[in-house]
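Coordinates in review
Here's the letter readout for the chains.
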Protein chains: 2
Amino acid sequence: MNLVIVGLGAIGGSFAMRLMKQGYDRIVGVDIDEETLQLALDKGYIHEGTTSPEHVIAEADIVLLTLYPGQIASFIDENKDHFKQGAVITDVTGVKTSLIRDVERLLPDHVDFIFAHPMRGSEKKGIAGAEESKFKEANALITPVSSNKEENIKKVEQLYKDAGFKTITRVMPEQHDEQIAYVSQLMHALSVSVVNSTQASPDTLLFAGNSFKELTRIADINEELWAELFSMNKDALLDSITCFEEQLDVFKNALVNTNEEELKDFLKKARLQRKKWY
Amino acid sequence: MNLVIVGLGAIGGSFAMRLMKQGYDRIVGVDIDEETLQLALDKGYIHEGTTSPEHVIAEADIVLLTLYPGQIASFIDENKDHFKQGAVITDVTGVKTSLIRDVERLLPDHVDFIFAHPMRGSEKKGIAGAEESKFKEANALITPVSSNKEENIKKVEQLYKDAGFKTITRVMPEQHDEQIAYVSQLMHALSVSVVNSTQASPDTLLFAGNSFKELTRIADINEELWAELFSMNKDALLDSITCFEEQLDVFKNALVNTNEEELKDFLKKARLQRKKWY
């Protein structure tokens, strides 16, 4: 099996490291950065590295694209004549419906694109952020489309299992984007808004405990990537913000009215729901 | 030195465990629950336990009140004739200005109340949540008032050092409450509002990564305690929510206008500020 990973950043690099250890026959890395390729070769993450995808893609059984969201469709467009007959292409993008729409327009008939989302991010950019155990116990989502062949979905599921993922779930693209807006994008929007508050100061940490540290961790964000992801999922994210604001308003109103019983009910409801989850 | 701890919950119990290991001469626990007292005695957290504070308070050099915020003033009122001449009283309440106002009205002249705030919470209620190392590396704040004697502030600082705290900082009560509204109370308000969103469902965890787990951890909240704390700090907390909402609106507007440059600037600003802190 010939695997080509396009983009040896923190995510692509982690796939390479782990799958190499799993004994994959052939892993080829594609990256625009020569130093990254050399490092990946020197450290034994890949069997071969190149800055020109055309030749290696012609041999690939699976093409794993770990590019920025906005690069996926253009990569398909530029390489559509190079893919091998029956090749499986897959991505790692955190938003699905708009990407699927853009890619399906361009995709040649002789390949099958399995859209996937490994749910483990990285604060570190580039191959320096790659870790062999990055995906250990992580979850992943696959959003099948009608043209996908079952055997190809299974190939991507196996790739994820080999990379260390625990649970790989199939969901509808629309449900994916709605839920990701809530559980991931909204968290990032809240975190950056907290950090950008005019109350932030050099003294802040004198007062801060674990909750502030944890809640603001994800404000250390890759702005290029996330500006794209937020824009791609604009409607769902705005809905999630609205649903959140409705609840914050309930809290505020109870507070404005110094209604301690209503405050307690609101807090208790949250406590019970949190306990159901974890 | 004779220390009386009033309230052997997660906080009071943790102080007792640790200070006993530090070799304190005499630690007396006061609690309304007989079983708690028996457990604390059996496990060697205290030298003596009682449900009636009057007698033991008459002997106390330091009285550490780990009661609910609303119980502090009434405890002082009920026991004001029992305190020893020159006794130091201290508390662990997370909000200061309103408490100081209530307590100063009632406090007899022969004692000194040093208002303090150990910044390490507990998700577990009661003595079952006590841990010897709970305060290891934690921060604490002391909010001196004009009547406090320097030697007594130092006694409480020493008590905190002995309990394992790393940094004990003196701040003005008003600054304390403003900053706590931002770094702690706002975090809790956001967390419970996220969990109470109508988007929450049994499927949520299929989609959730670390950020959701971390951000919602503090939604597992003691509603009795926090409803009191929020109400006591209502104005400062409403100000913090407003400052946060202003920033969330900047984010939303950039998103509505699909202004990726503005989104990137906003995210980058947060990233740089977060890096300054941690």
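Since we're looking at a predicted model, the values are computed, not measured.

Here is what the cut-offs are and how they apply
Every chain is numbered on its own, with residues counted from 1 as its sequence reads. Following the order in which they are written, the chains are lettered starting with A and the ligands numbered starting with 1. In view of the model being predicted, local features appear only for residues whose pLDDT reaches at least 70, and side-chain atom pairs are presented and counted only at 80 or more, with totals across whole chains, interfaces and linings using the full set of residues. Any two strands between which DSSP finds at least two bridges are classified as paired. Per the convention used, a helix needs a DSSP run of H or I reaching at least four residues, while a strand needs a run of E reaching at least two, with both numbered from the N terminus. Axes, fitted as lines to C-alpha atoms, cover a helix only where it is in contact. Angles between the N-to-C directions of the axes lie from 0 to 180 degrees. The contact criterion used is a C-beta to C-beta distance within 7 Å, with each C-beta placed from the backbone. Throughout this entry, Asp, Glu, Lys and Arg are counted as charged residues, while Ala, Val, Leu, Ile, Met, Phe, Trp, Tyr, Cys and Pro are counted as nonpolar. The remaining residues, Gly among them, count as polar. To line up the copies, we fit them by least squares on C-alpha atoms, keeping just the residues with pLDDT of at least 70 in both. Here a residue counts as buried when 20 or more other C-beta atoms fall within 10 Å of its C-beta, as exposed when 12 or fewer do, and as partly exposed in between; the C-beta atoms come from the backbone. Whether a crossover is right-handed depends on one test, that the path from the first strand over the helix to the second runs clockwise when the strands point away from the viewer. An automatic or database domain assignment is the source of the domain bounds shown. Think of the arc as the fan of directions from the helix axis to the C-beta atoms. Every angle not falling under 35 degrees, over 145, or within 65 to 115 is termed oblique; those three ranges are roughly parallel, roughly antiparallel and roughly perpendicular. Crossing handedness follows the turn of the near helix against the far one: under a right angle anticlockwise gives a left-handed crossing, and clockwise gives a right-handed one. Multiplying 1.5 Å by the helix residue count minus one yields the expected span of that helix.

1. Structural notes on the sheet that holds strand β6 (residues 112-114) of chain B
All names here are of chain B. Ordered in space as β3-β2-β1-β4-β5-β6, the six strands form an open sheet in which the pairing is parallel. Both edges of this open sheet fall to β3 (48-50) and β6, since each of them pairs with a single strand only. Neighbour to neighbour, the strand axes of the sheet diverge by 20 degrees on average, direction disregarded.

2. Comments concerning the interface of chain B and chain A
When the parts of a complex come together, some accessible area is lost, and that lost area is often used as the size of the interface. Between chain B and chain A, the contact holds 75 residues from the first and 75 residues from the second. Put simply, the parts of the chain that give the side of chain B that touches chain A at least two residues each are α7 (173-195), α8 (204-207), α9 (210-216), α10 (223-232), α11 (234-256) and α12 (260-277) of chain B. A breakdown of the residues in the side of chain B that touches chain A according to their chemical character gives 40 nonpolar, 19 polar and 16 charged.

3. Here we look at unusual backbone geometry
One can expect most non-glycine residues to show negative phi and most peptide bonds to be in trans. The backbone of Glu137 of chain A sits at a positive phi, close to 70 degrees, despite the residue not being glycine. Mapping Glu137 of chain A onto the fold places it in the loop between β7 (116-118) and β8 (139-142). Positive phi values are uncommon outside glycine, yet Thr258 of chain B reaches one of about 45 degrees. Tracing the backbone shows Thr258 of chain B in the loop between α11 and α12.

4. Here's the deal with the relation of the copies chain B and chain A
Rotating chain B by 180 degrees about the axis while translating it 0.0 Å along that axis superimposes it on chain A, leaving an RMSD of 0.0 Å. The superposition operator between the copies reduces to a two-fold rotation axis. By C-alpha distance to the rotation axis, the residue of chain B lying nearest is Leu215 of chain B, at 2.6 Å. In this assembly, 100% of the residues forming the interface of chain B have copies in chain A that are likewise at the interface, indicating an isologous arrangement.

5. Observations concerning the pairing of β8 of chain A
All names here are of chain A. Burial of β8 is two-sided: the residues Asn139 and Leu141 facing one way and the residues Ala140 and Ile142 facing the other way are all buried. Of the pairings in the sheet, the one linking β7 to β8 comprises three bridges and is antiparallel in character. Bridge pairing links Pro118 to Ala140 in β8. In this sheet, strand β9 (residues 167-170) lies alongside β8 in parallel orientation, the contact comprising four bridges. Paired with Leu141 across the strands is Thr169, a residue of β9. With respect to chirality, the unit in which β8 leads through helix α6 (residues 150-162) into the neighbouring parallel β9 is right-handed.

6. Let's talk about the pairing of strand β2 (residues 26-30) of chain A
Among the five residues of β2 of chain A, four are classified as buried, and the element is accordingly described as predominantly covered. Where the polypeptide runs from strand β1 (residues 2-6) of chain A across helix α1 (residues 10-21) of chain A and back to β2 of chain A, its parallel neighbour, the crossover connection is right-handed.

7. Considering the domain arrangement of chain A
Residue and element names in this part refer to chain A. Partitioning chain A into structural domains gives domain 1 (2-171) and domain 2 (175-277). In this structure, domain 1 and domain 2 have C-alpha centres spaced 31 Å apart. Across the boundary between the two partners, domain 1 contributes 15 residues, which contact 13 residues of domain 2. Counting only elements with at least two residues in the side of domain 1 that touches domain 2, the list comes to α4 (69-79) and α5 (97-106). Examining the composition of the side of domain 1 that touches domain 2, we find that three residues originate from one element, α5, more than from any other. Taken together, the residues of the side of domain 1 that touches domain 2 sort by class into six nonpolar, six polar and three charged.

8. Notes on helix α5 (residues 97-106) of chain B
Residue and element names in this part refer to chain B. Among the residues of α5, those classed as buried are Thr97, Leu99, Ile100 and Val103. What you see down the axis of α5 is that its buried residues fit within an arc of 150 degrees, all on one side. Turned more than 90 degrees away from the buried face of α5 sit Arg101 and Arg105, all of them exposed.

9. Examining the packing of helix α12 (residues 260-277) of chain A against α10 of chain B
Two elements in contact, α12 of chain A and α10 of chain B, have axes whose closest approach is 9 Å; the angle formed by their N-to-C orientations is 130 degrees. When the interaxial angle is binned, α12 of chain A and α10 of chain B end up oblique. Both α12 of chain A and α10 of chain B take part in a crossing whose hand is right-handed. Counted together, Glu260, Leu263, Lys264, Leu267, Lys268 and Arg271 of chain A of α12 of chain A and Glu223, Glu224, Trp226, Ala227, Phe230 and Ser231 of chain B of α10 of chain B form the full contact between these two elements. The residue makeup of the contact of α12 of chain A with α10 of chain B, split by class, is five nonpolar, one polar and six charged.

10. Focus on helix α1 (residues 10-21) of chain B
Residues and elements named next belong to chain B. Over its twelve residues, α1 extends 17 Å from the first C-alpha to the last, a length consistent with the 16 Å expected when each residue adds 1.5 Å. When you tally the buried positions in α1, you get ten out of twelve residues, the bulk of the element. Buried residues belonging to α1 abut β1 (2-6), β2 (26-30), α2 (34-42), β4 (62-65), β7 (116-118) and α6 (150-162).

11. Regarding the environment of Arg120 of chain A
Within the secondary structure, Arg120 of chain A is located in the loop between β7 and β8. On the neighbour-count criterion, Arg120 of chain A (21 C-beta atoms within 10 Å) is buried. Setting aside chain neighbours within four positions, we find Arg120 of chain A in contact with Lys134, Phe135 and Ala138 of chain A together with Gly209 of chain B.

12. Quick word on the sheet that holds β7 of chain B
Residues and elements named next belong to chain B. Spatially, the three strands line up as an open sheet ordered β7-β8-β9, and their pairing is mixed. The open sheet is flanked by β7 and β9 (167-170), the only strands paired with a single partner. Neighbour to neighbour, the strand axes of the sheet diverge by 15 degrees on average, direction disregarded. Where α6 meets the sheet, it contacts β7, β8 (139-142) and β9, and its direction lies at approximately 165 degrees from that of β8.

13. Quick notes on the packing of helix α7 (residues 173-195) of chain A against helix α11 (residues 234-256) of chain A
Residues and elements named next belong to chain A. Running from amino to carboxyl end, α7 crosses α11 at an angle of 65 degrees, the nearest separation of the two axes being 8 Å. Classified by the interaxial angle, the pair formed by α7 and α11 is roughly perpendicular. The two elements α7 and α11 cross, and the hand of that crossing is right-handed. When α7 is examined against α11, the residues Asp177, Glu178, Ala181, Tyr182, Gln185, Leu186 and Ala189 are found in contact with a partner set consisting of Ala236, Leu237, Asp239, Ser240, Ile241 and Phe244. Its residues assigned to classes, the contact of α7 with α11 shows eight nonpolar, two polar and three charged.

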